[in-house]
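Summary of structural features
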Amino acid sequence: MQSEHWEVPKLIWQHPDPGLTRIEVLRHFINHKHGFKFKNYYELYQYSVSDWTFWKDLWEFLGIISSVPPTQVIIEAPLVDSPRWFPNARLNYAENILFRNDDAIACTVARETGFLRHYSSRELREMVRVMRNAMRANGLKAGDRVAAIVTNSIDPIVIAMAASSIGAIYSSTAPDMGVSGILDRYRQIRPKFVFSETEVLYAGKQISIIPKVVQVANDLAHHGLERVIVFPSSVTGMDVDPRGIKNCSILSAFLSEGRDEPLAFEQHPFDHPLYILYSSGTTGPPKCIVHTAGGVLLQNKKAAATEWDIRFDDTHFQYTTCAWMMWNAMLGALAVGARLILYDGSPFHPSVRSFLKFINDQRVTHIGTSPRFLSEIQGQGIRPLDLAPFETLRCVYVTGAVLTPPLYEWAITAFPKRAHVNAGSGGTDICAGFIGACTPLPGYSGEMQVKSIGMKVEIFDPEGNNIEDTGLPGELVCTRAHPSIPLGFWGDEGRKNFFNAYFAKYPGVWTQGDFIVKNPKTQGLVILGRSDGVLNPSGVRFGSGEIYTVMDQFSHVVDDSLCIGQRRPQDKDERVLLFLKMRPGNTCTEDLKVKIRGAIKTALSARHVPAYIFEVAEIPYTVNNKKIEIAVKQIVSGSTLKPSGTVANPDALKLYYKYVDLEALVGQPKAKL
């Protein structure tokens, strides 16, 4: 799409008083400090991606706590070598997260059963102190790894902060991950301790984790594991007999081993390792991404304060598991003095209505969710404002997948007009965002508002030319260093895999793997899909997100959809296949197929129309609730890949193998090699 063909989409957001937002306060702070006259976000952004001093300004503005403040911002180096930031500074991540020490509520733990428990900032610090002392008594030191198989509750925060206070490295997975998925991760990083749930509840079903923990512990005993610590049942609150698990203790026994010493925060360099996160690994072993304490702290506190506009004593609710980077990112809200809601369970049990009422009753100011959740509410015909007034809600942040224009426009009517509905995009790769929100700027339907402050994002064509102002889609790249470039992949000697993952396509430039376009008229950005999932029939390149946008108008009968390309060895060209999961009581009729093809042709073009539309029983998702397009594309193109433990519903992939023999399904002669 050329720039002259772009239209200005529907205006869906305008702040009533932009000057009160934190990003505007940051602009005034920098103007005053340096005598600048930046008039708006875009001028501030240009400064942030052209002068390293911006990051020191941001450090001061956010009030980063350190024992040795920075004097030098960066030791410049190629991006692939992970340049060193604030080389002389010394700080501790947990000290910044736990800066409050009062009786205000820091965290509220809630479960689908109706269980609710508040923890004050003072209580949270005391829990971290006791955990830290037990870890120290058992020999944990800086650089050791601590792993967890946990639900989203107070426990992972306590473990992560205690480990960070020492300088150990924390990593977590969710209890619903399979044994192979857990071992694929933890064998690589060789944790000293593993903390685990014993019994969990999801969608009303009680599940014992003990058999899984037995297998994981017995295997990891050969990979450096020294101790397993199990929690009481999250269902009954009672301890569960851990017999059969090697070197295992119940939590209370482990905590009793520590000395009665005050909470301390050991000071480390800015780039000291903090977390290990994992690539999705749906078609191969996951990559173990090592993130720095300073980079995660600065970026996540920046996002909380300047993008989402979270304030002291606000309430932030990110619906997530502990296996998704949004769990790590949401801790930035604690660093600005807000309260976190930690929810364990299904948002649809006992009903989505009760979940929405819970959001209202907890006086949530900022909620992070996914397009899938909003689509389900819409599909059920639920209008949140008919259930509750949501008087405190100021922000609905949507990420994890493409937020289509129709769903965007529905969401702004579903929640209060004052609530800023917005979307962003980043990744586990940087534990931060590349594209995000800017509260004082207008927002347009289907578009992410801005490039995140400090992130030099560009759009490249296949030859490495910047094409963002042409209105044509291309690769999302980052051409300048930022503090959350990871240290690398754990165990990646020579950094070969790190280079191949991000720098092989454009030398010296970070390639994120997203297919993106910018509207030259609004400056808004639209993710069209993953680059390796770009559809390319007859040389026409487009993203699956464009098809999903059209499919939103069929959400009353279509529960979900998956759009992928198929090109087998014998095929001369790629064809587009569209798979539909129908809502109960509906079937994929020929009449519906005709309507879908017509809608896609009208909204996009005849070349976007799928070659075939099929009904399927399930759409495969990762444990982080992301559609699995690439694995399905490989399967229908003839691959016999084995699904990894990150696939939430691995049996769903089996449904797609039959489409390799497409001709048999549609009654056509087979293509020849």
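Above this text is the structure in question.
On a predicted model such as this, the values are computed, not experimentally measured, just so you know. (Residues numbered from 1 in each chain as written. Predicted model: local features only at pLDDT ≥ 70, side-chain atom pairs only at ≥ 80, totals over all residues. Heavy atoms only, no water.)

1. A look at the packing of aromatic side chains
Evaluated as defined, the whole model comprises 46 aromatic pairs. Both rings, one in Phe36 and one in Tyr47, keep their centres 5.2 Å apart while their planes meet at 65 degrees; by these two values the pair is edge-to-face. In this pair, Phe36 sits in the loop between helix H1 (22-34) and helix H2 (41-48) while Tyr47 sits in helix H2, placing the two residues eleven residues apart along the sequence. Accessibility expressed as a relative area gives 29% for Phe36, which makes it partly exposed. It is Arg111 that lies over the ring of Phe115; its NZ or CZ is 4.9 Å from the centre. The positively charged end of Arg185 is found above the aromatic ring belonging to Tyr278, 5.3 Å away from the centroid. (Phe/Tyr/Trp six-rings, centres within 6.5 Å; stacked < 30°, edge-to-face > 60°. Helix = DSSP H or I, 4+ residues; strand = E, 2+ residues; numbered from the N terminus. Buried < 20%, exposed > 50% of the residue type's maximum accessible area, 1.4 Å probe, protein only. Lys NZ or Arg CZ within 6 Å of the ring centre and 35° of its normal.)

2. A word on the pattern of salt bridges
Within the structure shown, the criterion is met by 42 salt bridges. Measuring nitrogen to oxygen at the nearest pair gives 2.9 Å for the salt bridge that ties Asp103 to Arg122. Remark: Arg122 occurs in helix H5 (residues 121-137) and Asp103 occurs in the loop between helix H4 (93-97) and strand S5 (105-111); sequence separation between them is 19 residues. Residue classification places Arg122 among the partly exposed residues on the basis of a relative accessible area of 40%. Between Asp314 and Arg394 there is a salt bridge, with the nearest N and O atoms lying 2.7 Å from each other. Of this pair, Asp314 sits in the loop between helix H10 (293-307) and strand S17 (315-318) while Arg394 sits in the loop between helix H15 (384-387) and strand S20 (395-398), placing them 80 residues apart in sequence. A relative accessible area of 7% means that Asp314 is categorised as buried. Residue Arg394 is classed as partly exposed on the basis of its relative accessible area, which comes to 30%. Taken together, the shared-partner salt bridges in this structure form one network comprising Arg372, Glu376, Asp559, Asp560, Lys581, Arg583, Glu618 and Lys627. (Salt bridge = Lys/Arg side-chain N within 4 Å of Asp/Glu carboxyl O.)

3. What about helix H20 (residues 629-636)?
Counting buried positions along H20 gives six out of eight residues, so the element sits mostly inside the fold. Those residues of H20 lying buried are Glu629, Ala631, Val632, Lys633, Ile635 and Val636. Where the residues of H20 are buried, they touch helix H18 (544-551), strand S31 (558-566), strand S32 (575-582) and helix H21 (651-654). Phi for Gly638, located one or two positions after H20, is positive at around 115 degrees. (Contact = heavy atoms within 4.5 Å.)

4. Some thoughts on the pairing of strand S10 (residues 199-202)
In terms of strand pairing, S10 meets strand S11 (residues 205-208) through four bridges, oriented antiparallel. Residue pairing for S11: Tyr202 is matched across the bridge by Lys205. Counted between consecutive antiparallel strands, the loop separating S10 from S11 contains two residues, among which Ala203 sits at a positive phi close to 55 degrees. (Pairing = 2+ DSSP bridges.)

5. Regarding the environment of Leu387
Examined against the element boundaries, Leu387 turns out to sit in helix H15. Other than its neighbours up to four places away in sequence, Leu387 contacts Arg353, Leu356, Lys357 and Ile382.

6. Re the nonpolar core
Core analysis: the biggest nonpolar cluster contains 151 residues, and Met135, Met161, Phe195 and Leu331 have the highest contact counts within it. A per-element tally of this core places helix H6 (residues 154-166) first, with nine residues. With residues up to four places along the chain from it excluded, the contact list for Phe195 reads Met131, Met135, Val146, Ala147, Ala148, Ile149, Ile159, Ile229, Phe231, Leu251 and Phe254. The next biggest cluster of nonpolar side chains, apart from the first, holds 41 residues, and it includes Val576, Tyr621, Leu653 and Leu662. (Core = buried A, V, L, I, M, F, W, Y, C linked by side-chain atoms within 4.5 Å.)

7. Side note on the state of the cysteines
Note: disulfide means a covalent bond formed between the sulfur atoms of two cysteine side chains. One pass over the full model with this rule turns up zero disulfides. Sulfur of Cys322: no disulfide; nearest cysteine sulfur belongs to Cys107 and is 12 Å away. Among the residues examined, Cys322 registers a relative accessible area of 2% and is labelled buried. Cysteine Cys431 is unpaired, with the sulfur of Cys322 as its nearest cysteine sulfur at 13 Å. Relative accessible area serves as the criterion here: at 0%, Cys431 is assigned to the buried category. (Disulfide = S-S within 2.5 Å.)

Spatial relationships are all this shows, so hold off on functional conclusions.
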